[in-house]
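# Structural characterization, general
Chain by chain, the residues run as shown.
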Amino acid sequence: MTTVPQPTDGTRWRCTLCGNLTRFDVTRTSKVVEYVHLDLAGESTVEEREVVSETIESVRCRWCNAVDQIELVDRPGADS
Ligand SMILES: [Zn+2]
């Protein structure tokens, strides 16, 4: 359940209030399967990480702190 549109190959986020295109704080909920490899001393390393599902909860503009005031605009050079 999010009001944030997902950017695509041809679009990007833009803050509707200040026009910021480049800096956002993204709060994301992910369900992830990790392949954990432990050595004989018990030290663990994550060797693979598969994202099963992912939801963007909110996006906050780093410039003006607006929350979820995001629209999609065309990327420069994207085919229209
Ligand atoms: Zn902004």
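The preceding data block contains the structure.
Reference entry: report on the structure contained in this document.

### A short note on the packing of aromatic side chains
- Tallied over the full model, the rule gives one aromatic pair.
- Taking the centre distance of 5.6 Å and the plane angle of 80° together, the rings of Trp-13 and Phe-24 count as edge-to-face. With Trp-13 in strand S1 (residues 11–15) and Phe-24 in strand S2 (residues 24–38), the pair connects residues that are eleven residues apart, well separated along the chain. For the pair Trp-13 and Phe-24, a shared accessibility class is recorded, and that class is buried.

### Details of the nonpolar core
- Core analysis: the largest hydrophobic core is formed by nine residues, namely Val-4, Trp-13, Cys-15, Phe-24, Ile-56, Val-59, Cys-61, Ala-66 and Ile-70.
- Contributions of two or more residues to this core are made by S1 and strand S3 (44–61).
- Examining the composition of this core, we find that three residues originate from one element, S3, more than from any other.

### Some words on the pairing of S3
- For S2 and S3, the ladder comprises 15 bridges, and the chain directions are antiparallel. Bridge pairing links Leu-38 to Ser-44 in S3.
- In textbook terms, the turn of a hairpin is the stretch between consecutive antiparallel strands, and for S2 and S3 this stretch comprises five residues, one of which, Gly-42, has a positive phi near 95°.

### Considering the coordination of the zinc ion
- Protein coordination at the zinc ion: the donors are Cys-15 (SG), Cys-18 (SG), Cys-61 (SG) and Cys-64 (SG), at 2.3 Å from the metal.
- For the zinc ion, the donor residues sit on a single chain with the sequence spacing C-x2-C-x42-C-x2-C. With Cys-15 in strand S1 and Cys-64 in the loop between S3 and strand S4 (70–74), this pair connects stretches of sequence that are 49 residues apart.

### What about the pattern of salt bridges?
- Going through the model one piece at a time under the given rule, you end up with five salt bridges.
- For the salt bridge of Glu-54 with Arg-28, the shortest nitrogen-to-oxygen distance reads 3.5 Å. Here Glu-54, found in strand S3, pairs with Arg-28, found in strand S2; they are 26 residues apart in sequence, far enough to count as distant.
- Using a relative accessible area of 43% as the deciding quantity, one classes Glu-54 as partly exposed.

### Re a nonpolar patch on the surface
- A contiguous nonpolar patch, built from Val-36, Leu-38 and Val-46 and spanning about 230 Å² of accessible area, is present on the exposed surface.
- Tracing the backbone through its elements, the reader meets Val-36 in strand S2.

So, how was this worked out
- Residues numbered from 1 in each chain as written.
- Predicted model: local features only at pLDDT ≥ 70, side-chain atom pairs only at ≥ 80, totals over all residues.
- Heavy atoms only, no water.
- Phe/Tyr/Trp six-rings, centres within 6.5 Å; stacked < 30°, edge-to-face > 60°.
- Helix = DSSP H or I, 4+ residues; strand = E, 2+ residues; numbered from the N terminus.
- Buried < 20%, exposed > 50% of the residue type's maximum accessible area, 1.4 Å probe, protein only.
- Core = buried A, V, L, I, M, F, W, Y, C linked by side-chain atoms within 4.5 Å.
- Pairing = 2+ DSSP bridges.
- Donors = N, O, S within 2.8 Å, 3.2 Å for Na, K, Ca; no water.
- Salt bridge = Lys/Arg side-chain N within 4 Å of Asp/Glu carboxyl O.
- Patch = residues over 30% accessible without salt bridge, like charges linked within 9 Å, V, L, I, M, F, W, Y side chains within 5 Å.
- Areas by Shrake-Rupley, 256 points an atom, 1.4 Å probe, with all protein chains shown as cover.

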